[in-house]
Amino acid sequence: MRCALELAHHGWGRTHPNPMVGAVIVEGGKVVAEGFHARDGEAHAERAALMALGRAPKPGASLYVTLEPCSTAGRTGACTDAILRSGLKRVVVAAPDPTPGHAGAGYEVLRRAGVEVVTGVLEAESRDLNLIFHHRLEKNTPLLAAKLAATLDGRIACRTGDSQWITGETARRDVHRWRRLFPAIAVGAGTVMKDNPRLTARLPGEEDWCPWRFVFDGRLRTVEDRNIPRLYSDEYRERTVVVTTANSGLGYVRKLREWGVQVWVCDSATQRVNWADFRKRCLEAQINGVIFEGGAQLVSELAQERQMDYLFSYTAPVLLADDKGKAMLSGLRTERLTQALRLADVCHEILEGDILTRGRVVYPEKLQIDETAFSLG
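Attention here is on the structure that accompanies the text. (Residues numbered from 1 in each chain as written. Predicted model: local features only at pLDDT ≥ 70, side-chain atom pairs only at ≥ 80, totals over all residues. Heavy atoms only, no water.)

### Digging into the overall build of the protein chain
Phase 1: When its secondary structure is counted, the protein chain shows 12 helices and 16 strands.
Phase 2: Counting only C-alpha atoms and orienting by the principal axes, one finds that the protein chain spans roughly 70 × 45 × 45 Å.
Phase 3: A buried classification covers 50% of the 377 residues belonging to the protein chain.
Phase 4: Long-range pairs, those at least 24 residues apart, make up 71% of the contacts in the protein chain between residues at least 6 apart in sequence.
Phase 5: A total of about 18000 Å² of accessible surface is found on the protein chain, and carbon and sulfur atoms cover 48% of it.
Phase 6: Side chains of the protein chain carry 50 positive and 47 negative charges; the gap between the two charge centres is 1 Å. (Helix = DSSP H or I, 4+ residues; strand = E, 2+ residues; numbered from the N terminus. Buried < 20%, exposed > 50% of the residue type's maximum accessible area, 1.4 Å probe, protein only. Contact = heavy atoms within 4.5 Å. Areas by Shrake-Rupley, 256 points an atom, 1.4 Å probe, with all protein chains shown as cover. Lys, Arg positive; Asp, Glu negative; His and termini not counted. Charge placed at Lys NZ, Arg CZ, Asp CG, Glu CD.)

### Looking at unusual backbone geometry
Residues other than glycine predominantly adopt negative phi, and peptide bonds predominantly adopt the trans conformation.
Phase 1: Residue H16 is joined to P17 through a cis peptide bond whose omega torsion reads 0 degrees.
Phase 2: Mapped onto the fold, P17 is located in the loop between α1 (2–8) and β1 (22–27).
Phase 3: Along the chain, Q164 connects to W165 via a cis peptide bond; the corresponding omega equals -5 degrees.
Phase 4: The residue W165 is located in the loop between β7 (155–157) and α7 (169–181) in this model.

### Description of the sheet that holds strand β2 (residues 30–36)
Phase 1: One open sheet holds the 5 strands; their spatial order is β2-β1-β3-β4-β5, and the pairing between them is mixed. Two strands in the sheet have a free side with no partner beyond their single neighbour: β2 and β5 (116–118). Taken pair by pair, the neighbouring strands of this sheet meet at an average axis angle of 20 degrees, ignoring direction.
Phase 2: Alignment of β1 against strand β3 (residues 62–67), held across 4 bridges, turns out to be antiparallel. The residue bridging V24 from the neighbouring strand is Y64, located in β3.
Phase 3: Packed onto the sheet, helix α2 (residues 45–53) meets β1, β2 and β3 and runs at close to 130 degrees relative to β2. (Pairing = 2+ DSSP bridges. Axes fitted to C-alpha atoms, helices over the stretch in contact; angles between N-to-C directions.)

### Here we look at the nonpolar core
Phase 1: Residues W178, F182, L256, F312 and Y314 are the most contacted members of the largest nonpolar core, which totals 34 residues.
Phase 2: When residues of this core are assigned to their parent elements, the largest contribution, 4 residues, is made by α7.
Phase 3: Ranked by size, the runner-up nonpolar core spans 27 residues in total, among them L144, C266, V290 and V299. (Core = buried A, V, L, I, M, F, W, Y, C linked by side-chain atoms within 4.5 Å.)

### A short note on helix α6 (residues 131–139)
Phase 1: Residues L131, I132, F133, H134 and H135 constitute the buried set of α6.
Phase 2: Residue N140 follows α6 closely and has a positive phi angle near 55 degrees.

### Structural notes on the pairing of β1
Phase 1: The buried fraction of β1 amounts to 6 of the 6 residues, a majority that puts the element mostly inside the structure.
Phase 2: Judged by which residues are buried, β1 turns out to be covered on both faces: G22, V24 and V26 on one side and A23, I25 and E27 on the other are all buried.
Phase 3: The sheet contact formed by β1 and β2 spans 6 bridges and is antiparallel. Looking across to β2, one finds that V26 is bridged to V31.
Phase 4: Counted between consecutive antiparallel strands, the loop separating β1 from β2 contains 2 residues, among which G28 sits at a positive phi close to 60 degrees.

### Observations concerning helix α11 (residues 275–284)
Phase 1: Along α11, the residues classified as buried are W275, D277, F278, R279 and C282.
Phase 2: Looking at the packing, one finds that the buried side of α11 touches β6 (143–150), β9 (212–216), β10 (240–245), β11 (262–266), β12 (289–292) and α12 (296–304).
Phase 3: The opening residue of α11 is N274, an N-cap whose side-chain oxygen sits 3.0 Å from the backbone nitrogen of A276.
Phase 4: In the stretch just after α11, Q286 is the one whose phi turns positive, near 60 degrees. (Polar contact = N/O pair within 3.5 Å; in protein donor to acceptor, adjacent residues only side chain to side chain.)

### Quick look at the packing of aromatic side chains
Phase 1: For the structure shown, the criterion picks out 14 aromatic pairs.
Phase 2: Relative to W264, the ring of F214 has its centre 5.1 Å away and its plane inclined at 55 degrees; by these criteria the two rings are tilted. With F214 in strand β9 and W264 in strand β11, this pair connects stretches of sequence that are 50 residues apart. Each member of the pair, F214 together with W264, is buried. (Phe/Tyr/Trp six-rings, centres within 6.5 Å; stacked < 30°, edge-to-face > 60°.)

### So, the sheet that holds β12
Whether parallel or antiparallel, the strands of a sheet pair through hydrogen bonds between backbone atoms.
Phase 1: Taken together, 9 strands build an open sheet; the order of strands is β11-β10-β9-β8-β12-β6-β13-β16-β15 and the sheet is mixed. At either end of the open sheet lies a strand with only one pairing partner, and these are β11 and β15 (342–351). Adjacent strand axes in the sheet meet at a mean angle of 20 degrees, parallel and antiparallel pairs treated alike.
Phase 2: As paired strands, β15 and strand β16 (residues 354–362) are joined by 8 bridges and run antiparallel to one another. Within β16, the position partnered with A344 by the bridge is R360.
Phase 3: Sitting on the sheet, α6 touches β6, β12, β13 (310–315) and β16, and the angle it makes with β6 is about 140 degrees.

Below, the structure is given as structure tokens:
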């Protein structure tokens, strides 16, 4: 199964809205064929493995697959049909398919036909690999994740604003790896005006890739600047979406659209974006995961509004020891530890000197907001 999980990684960032899936066929204790789902619309992992084998599996062969085989025809045919036609009599699966109408159905089809089905082998690892896919289908909403890079004492910048670079090259490269996985990246207006980012995934040995790029700008401050931001003028500008409200000025909205930039005018009585409306629009556009990379103000609002589903926190072995350094998160009034945000299903990775801690955000029953905190405009 670990071999199948490694194969699934070959589809990293290329299978949306489908999950990454790997499969191996084992005969006599040896892997004789491998397959993985390469991209949406192409063969599923089970079919890819059977095609790679090029013959009928030998008696006693087993198929190991990281996700429950689909049992409906779809565009590529039901994988359960392919398995039954092959003559396989044993299938080992990591995680069930959460898709409505699929969950458990594949197991039932195979078992009714006399196939031994073993489930739950490295299930946690499979679910973690497809955390966007599982969240979208189990919660019926896109996964909104935040990325932060901070010092050991929780600061993301010096009092002067100097912040490049807190983490090392390996950690920064890892950020680009996650960018390649998420269908969309989001930043606030302040980040656009200060850093003029590209928000593309740039990995060694691979072509640059541009996800959907969201700019949260309730007042359309980024349009007022005389210098057009890179996100509004580069070759990927049609994949840039400015998220704003009707209170921002229709003239600026027209200007953005003239530049070739998309604009989502969310329903809101204020200049703060309506999160329910944003999530709904993401679902309609089949954008099932968004990673928020800053600034601290936008990410803090995610936490204040209980909208941060997942957190990636990179910690560098650096101490500012300055209470005027910029904090990684703010805006909550946490008087007791029981009121603190916590992470579940936590994973840790060492990236040379830096550490990535990531996990699902768990909110306390009552979240207290500091009314004096600076809010997103």
